[in-house]
Amino acid sequence: NLAGATISTGTLSITGVYTHTNGILTTNDSLILIATDSITYGQIAGTGGGDISGAVTAQYIIPKSSGGKWRSISSPFTGNTISDLEDDIRINYGSPNYTYSNVWLLNEVEGGSSARGAWQNVTSGSKSMDSVGFSIYLWSENLSTNAILDLTGTYTKGNFTTASLSRTGAVSDTSGWHLLRNPWPSNYNHTGTINNLQSNTMDVYEGNSVRDWNGVTGS
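Residues numbered from 1 in each chain as written. Predicted model: local features only at pLDDT ≥ 70, side-chain atom pairs only at ≥ 80, totals over all residues. Heavy atoms only, no water.

*Asks:* Can you lay out the overall build of the protein chain for me, pointing to particular residues and giving the numbers?
*Replies:* When helices and strands are counted, the protein chain shows 0 helices and 17 strands. Taking all 219 residues of the protein chain together, 35% fall into the buried category. A separation of at least 24 residues holds for 66% of the contacts in the protein chain among residues at least 6 apart in sequence. Accessible surface computed for the protein chain: about 11,800 Å², of which carbon and sulfur atoms make up 47%. (Helix = DSSP H or I, 4+ residues; strand = E, 2+ residues; numbered from the N terminus. Buried < 20%, exposed > 50% of the residue type's maximum accessible area, 1.4 Å probe, protein only. Contact = heavy atoms within 4.5 Å. Areas by Shrake-Rupley, 256 points an atom, 1.4 Å probe, with all protein chains shown as cover.)

So this is what it looks like as structure tokens:
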């Protein structure tokens, strides 16, 4: 816990959970949330009555033992593009030949009106990561050692509303599959409602398997 403060020299590295209670923390772009393994990483657990000014960097580790597979990847900040991952992993875009593209996003509208989602290859590193989740394939050569992904951007304080979801049928219909990001560098807590979600369940894709997340309303 900290009140108003400024990182004036060096960096402030967080491996635990950081809560900013009051005042303004001025990062000077030098606040780093450190990952120590694939499930242990620095987090910001809300800012209480305080705020954060300046960019924050977050790390995420993908262990080499996990092998090559598709992974869901997003940014916990605003202001990132997919090219910000190019210094950490190899990315092939879908232009001019999508056959070897390894970064895709979910287009909820297939053919403009179908209720089925369709994967769409990303053709440029300029694609914004704001409000969007991506599926990225990591080849084995990306994991000759543990892959450390780091993203630097603007921390989102407080509540967050996703961008409007594309309709898959009637104008009022936003049902269908959507790939959404977690906009915070902390655990995700869904407190809203999801229309047309049967039995209040959500499927979470984890590499080679899908896990059901039950009770997403208010969980």
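*Asks:* Provide a residue-level description of the nonpolar core, including the pertinent values.
*Replies:* Core analysis: the biggest nonpolar cluster contains 18 residues, and I82, L85, I89, V103, F134 and I136 have the highest contact counts within it. In this view, V103 contacts I82, I91, N92, Y93, N121, V122, F134, S135 and I136; residues no more than four positions away in its chain are not counted. Counting 12 residues, the second largest nonpolar core, distinct from the first, contains I7, I44, F77 and Y155. (Core = buried A, V, L, I, M, F, W, Y, C linked by side-chain atoms within 4.5 Å.)

*Asks:* Give me the lowdown on unusual backbone geometry, citing residues and values where you can.
*Replies:* Positive phi is not limited to glycine here, since N28 has a value of about 50°. Within the element layout of this structure, N28 appears in the loop between β4 (24-26) and β5 (31-33).

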